[in-house]
Amino acid sequence: MTAQTALENIPQELRSYPQWVCHDAAKRPINPHTGQLADVSDPTTWGSFDQARTIAEAGRCAGVGFVFTDSDPFVGIDLDVSEGSGPSDGQQRIFGAFNTYAEHSPSARGLHIIAKGRVSDGGVRNSALGVEVYSSGRFFTFTGNVVRSAPIAECQPLVDALCAEIRPHRDTGAGETPNPCPAPQITDETLRERICESAANRDYYEGRVSDWSAAYFALICAACLFSSDEAQVRRIVMASPLVQDAPPKGRETRAQKAERLWAREYASAARRGAQERQERTQAVEHGRQLAAGLSGQLARATAPAQGQDEKPGRSLLRSARDLQHRHFPAIRWAVPNVLPEGLTIFAGVPKVGKSWFALDVARAKADGDCVLGQQCDRGDVLMLALEDNERRLQDRFRRITGGGDFPDNLDYATEWPRLDEGGVDYVANWIEGAANPSLIVIDTLAMVKPVPTGRNKSAYDHDVSALKPLHRLASEKRVAIVVVTHTRKAQADEPVERVSSTLGLTGVADTIMLLGRGPREATGILYARGRDIAEFELAVKFEDHRWQVEGDPKLAFAGDTQKILIDAMTKGATTPKEMEEATGLSGENVRQTLQRMVKAQRVFRHGYGKYALPAWTDTPAFLLDTPHHTSHSHNG
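Residues numbered from 1 in each chain as written. Predicted model: local features only at pLDDT ≥ 70, side-chain atom pairs only at ≥ 80, totals over all residues. Heavy atoms only, no water.

**Regarding the overall build of the chain**
The line we're drawing: Numbered from the N terminus, helices here are DSSP runs of H or I no shorter than four residues, and strands are runs of E no shorter than two. Burial here depends on accessible area, computed with a 1.4 Å probe over protein chains only, as a share of the maximum for the residue type. Under 20% is buried, over 50% is exposed, and the range in between is partly exposed. Two residues form a contact once any of their heavy atoms are found within 4.5 Å. Note on areas: Shrake-Rupley with a 1.4 Å probe; residue coverage comes only from the protein chains shown.
When you go through the chain residue by residue, the secondary structure sums to 21 helices and 25 strands. Looking at the chain as a whole, 47% of its 636 residues qualify as buried. Counting only contacts in the chain whose residues sit at least 6 apart along the sequence, the fraction spanning at least 24 positions is 69%. When the accessible surface of the chain is summed, it comes to about 31800 Å², and 48% of that surface belongs to carbon and sulfur atoms.

See the structure below:
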């Protein structure tokens, strides 16, 4: 079912109101008449459902939305589910209580429930609980991806009960400062351990930073989250290697600067710490209220009207038999058998040729040419060459195109905002505007990765939250997004552990691709593993400014004598004596070479005094064509 077809599932009663707008990738309301921003308080910027749908079907917006007003009977309930988690017990109870139309939000994580009712002050929002309720002054995006197909029901008693439960309670009067929410008393050693539980905070504490002032404030914030004792926080921070061991700047030591800045920085950090502790406490308390308390008011309000028993969690379950008969579209390939749709991490050591490889893949996809021996379909490409300038990029294009025309459907940029500062939205906007969006290359991750804020978030969590929006975008739009990054210097037994950063980075990605140095100059090893591709390892060679496939590394990098023995074994020789007779090599040469080949896993001992080639020579798990020459396409 396409997105446009799904819109037909929206109840006709709702579609009949002329309160429809379009929306962009950032979920801003768009006037269906002009394409400019719409205003939820100005009916002249709205239109009919058909007008908004027509714009969406033409691909000129991300989707459609409905504006809630005092003149219509509808109320919308938004249940926002955090990335990487499922609905809370409270959200499940809300869904079970409202027996009315419900559909997935555009992200497919959240849920929009549409009922009839009125909120006294237009709306109630509780971000800590992930629940919002509005009956006027807001618009909801609509997808038609139905979760519960039911008529829009009158639910005023439920709306009143829900709003009473989720409305934040205010215990302080106007102008009063919030409850400071003091932290429990802990020892200095415990505070130090709490701070260093986060990898980022541990780096601040140890002084492994590039911006001392930012790290100093971040360290105070981290300490204030766990302690509201200023004297204790001062002891820990002032004794840290960040303050004691950092080299002086100018005439002032770091310890002197820390003392000078203390009063200002601590006051701000203490407010942050108290606020965050209060938010966490409120979230836990309100979560308990929804999980336990809502079962009282909501169940009592629901029972007379609906007379049904819908258990929490049932809406998330599907039958395996139904799955058996569902039809899904085939995987889209940016490069057949090599680069599927989804998010790919492409990593390698510095200066190994990652950017040349990424640029050649982008060119081949835009031109519909060959790369790595694979014929690509033509598609629109976005190349973010963020470590290059235009002069260097022009020179590289000239080299990989062999002097031919540059692709006219490959857009590029040498500057781009970070992912959390509009970078993801910019990519989404490009996808929406492209005729056939197929591939986005981001070279490199370091140029767009969000900067750690110093809040109590582990490095793993930071990596997951950094790339999750890109992963979701690639999945929703069915494009390939390749993020180029580095491998770590330390060796690792598991290939994916060689990617620089935490396992959060590789865990989010659909495909991991590594480019390592080969045993000879201008050679490399391309390794890939993913959810939609078979694991493979290829020998590659950098020739004429492009990476060419050489074949299986075990064969491609074998020496001349080893290749002679491999040829003899292919023809049936299994013992050193048989190989000596078949090749004319001396017995000592054969035995020593076989020992080296066993160590390199190019051959295996098979029984007493016998040797065999590994299985990959007979039944390779993955095979690429290896033409001697790869063509250059010169279409514009």
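Now, onward.
**So, the sheet that holds strand β3 (residues 63–68)**
In plain terms, the rule: Being paired, for any two strands, means DSSP has found at least two bridges between them. Lines fitted to the C-alpha atoms define the axes, with helices restricted to the stretch that makes contact. Angles between their N-to-C directions range from 0 to 180 degrees.
The four strands are arranged β2-β1-β3-β9 in an open sheet whose pairing can be described as antiparallel. Each end of this open sheet is capped by a strand with a single partner; those strands are β2 (29–30) and β9 (138–142). With two bridges joining them, strand β1 (residues 20–23) and β2 adopt antiparallel strand pairing. Paired with C22 across the two strands is I30, which belongs to β2. Here helix α3 (residues 49–57) sits on the sheet in contact with β1 and β3, set at roughly 15° to β1.

**Focus: the packing of aromatic side chains**
For the record, the criterion: Only the six-membered ring of Trp is used, alongside the rings of Phe and Tyr, when aromatic pairs are assigned; centres must lie within 6.5 Å, and planes under 30 degrees apart are stacked while those over 60 apart are edge-to-face, with the rest tilted. Whether a charge sits over a ring depends on NZ of Lys or CZ of Arg being within 6 Å of the ring centre and within 35 degrees of the ring normal.
A full pass over the atoms with the stated rule returns 14 aromatic pairs. When the centroid spacing of 5.1 Å and the interplanar angle of 75° are considered together, the rings of W20 and F49 count as edge-to-face. Of the two residues, W20 sits in strand β1 while F49 sits in helix α3, which places them 29 residues apart along the sequence. With a centroid separation of 5.1 Å and an interplanar angle of 85°, the aromatic rings of F68 and F140 are classed as edge-to-face. Here F140 lies in strand β9 and F68 lies in strand β3, a separation of 72 residues in the sequence. Site record: aromatic cluster; members linked through ring pairs are Y17, W20, F49, F66, F68, F74, F140 and F142. Above the plane of the ring of F95 lies R148, whose end atom (NZ or CZ) is 4.0 Å from the centre.

**Comments concerning the pairing of strand β20 (residues 511–517)**
Across the seven residues of β20, six count as buried, placing the element largely inside the fold. As paired strands, strand β13 (residues 342–348) and β20 are joined by five bridges and run parallel to one another. Following the sheet pairing, F346 is matched in β20 by M513. With seven bridges connecting them, β20 and strand β21 (residues 523–530) associate as antiparallel partners. In the strand pairing of β21, I512 is matched with R529.

**As for the packing of helix α19 (residues 560–570) against helix α21 (residues 587–599)**
Let me state the cut-off plainly: When an angle is under 35 degrees it counts as roughly parallel; over 145 it counts as roughly antiparallel; between 65 and 115 it counts as roughly perpendicular; any other value is oblique.
It is at 10 Å that the axes of α19 and α21 come closest, and there the two elements cross at 95°. One way to sum up the angle between α19 and α21 is to call them roughly perpendicular. Across from T561, Q562, L565 and I566 in α19, the residues of α21 making contact are N589, V590, T593, L594, R596 and M597.

**Details of the pattern of salt bridges**
To keep it simple, the criterion reads: By convention in these notes, a salt bridge is any Lys or Arg side-chain nitrogen within 4 Å of a carboxyl oxygen on Asp or Glu.
With the rule as written, the count across this model stands at 26 salt bridges. Among the ionic pairs, R28 bridges to D24, the shortest N-O distance being 2.6 Å. In this structure, the salt-bridge partner of R378 is D408, at a minimum N-O distance of 3.1 Å. Pair noted here: R378 is in the loop between β15 (374–375) and β16 (380–385) and D408 is in the loop between α14 (390–400) and β17 (410–413), with a separation of 30 residues, a long-range link. Using a relative accessible area of 57% as the deciding quantity, one classes D408 as exposed. One salt-bridge network, held together by shared partners, links D360, R363, D367, D369 and R546.

**Some details on helix α13 (residues 354–367)**
For clarity, the cut-off: Given a helix with a known number of residues, its expected span is that number minus one, times 1.5 Å.
With 14 residues, α13 ought to run about 20 Å at 1.5 Å a step, and its terminal C-alpha atoms sit 20 Å apart, in line with that. Counting buried positions over the 14 residues of α13 gives 14, a clear majority of the element. Count one or two residues on from α13 and you reach G368, which has phi positive near 70°.

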